[in-house]
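Inside the fold
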Amino acid sequence: MNIERRYKCISKSKLTKKNFITRILCKHELVDDILTSDEGFSWLGGDTHIVHCKKCGFIKGYYTKQYK
Ligand SMILES: [Zn+2]
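Everything numeric in this text was worked out from a predicted model, so none of it was measured.

1. Considering the environment of His 52
Tracing the backbone through its elements, the reader meets His 52 in strand β3 (residues 46-53). In this structure His 52 comes out as buried when scored by C-beta crowding, with 25 C-beta atoms within 10 Å. For the pair formed by His 52 and Leu 30, sequence separation is 22 residues and the distance between their alpha carbons is 5.1 Å. Not counting the four nearest positions on each side in its chain, His 52 is found in contact with Leu 15, Leu 30, Val 31, Asp 33, Gly 57, Phe 58, Ile 59 and Lys 60.

Structure representation (structure tokens):
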């Protein structure tokens, strides 16, 4: 699987707004971004990465990276 590491800050509400119909027909192009709150802040204690499709908003999964 090909995941583009884009590391752009994105909020979850932005993703879920995307078109549901598009999502069914989509050939997903997955990107790795950093999840922020709707206010644009990143979570305390580490970055939450979100792997999602940049075309339709399908969410593949999350992982966290702790600051050291
Ligand atoms: Zn997609």
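2. Topic: the pairing of strand β4 (residues 59-66)
The buried fraction of β4 is low, at zero of eight residues. Bridging between β3 and β4 involves seven bridges; their strand directions are antiparallel. Directly across from Gly 46, in β4, lies its bridge partner Gln 66. With antiparallel pairing between neighbouring strands as the criterion, β3 and β4 make up a hairpin whose turn holds five residues, including Gly 57 at a positive phi of roughly 90 degrees.

3. Side note on the sheet that holds strand β2 (residues 30-36)
Ordered by their spatial adjacency, four strands build an open sheet running β1-β2-β3-β4, and the pairing between neighbours is mixed. Two strands in the sheet have a free side with no partner beyond their single neighbour: β1 (3-11) and β4. Each adjacent strand pair in this sheet contributes to an overall mean axis angle of 30 degrees, direction not counted. Alignment of β1 against β2, held across six bridges, turns out to be parallel. Counted as the bridge partner of Glu 4 is Val 31 from β2.

4. Topic: the environment of Thr 16
Mapped onto the elements of the fold, Thr 16 is located in helix α1 (residues 12-16). A sequence separation of 40 residues divides Thr 16 from Cys 56, and the C-alpha atoms of the two residues are 8.8 Å apart.

5. Some words on unusual backbone geometry
Even without being glycine, Tyr 7 reaches a positive phi, approximately 55 degrees. On the secondary structure map, Tyr 7 appears in strand β1. A residue is classified by how many C-beta atoms lie within 10 Å of it, and Tyr 7, with 12 of them, is exposed.

Reading guide: rules and limits
Residues numbered from 1 in each chain as written. Predicted model: local features only at pLDDT ≥ 70, side-chain atom pairs only at ≥ 80, totals over all residues. Helix = DSSP H or I, 4+ residues; strand = E, 2+ residues; numbered from the N terminus. Buried ≥ 20, exposed ≤ 12 C-beta atoms within 10 Å, placed from the backbone. Contact = placed C-beta atoms within 7 Å. Pairing = 2+ DSSP bridges. Axes fitted to C-alpha atoms, helices over the stretch in contact; angles between N-to-C directions.

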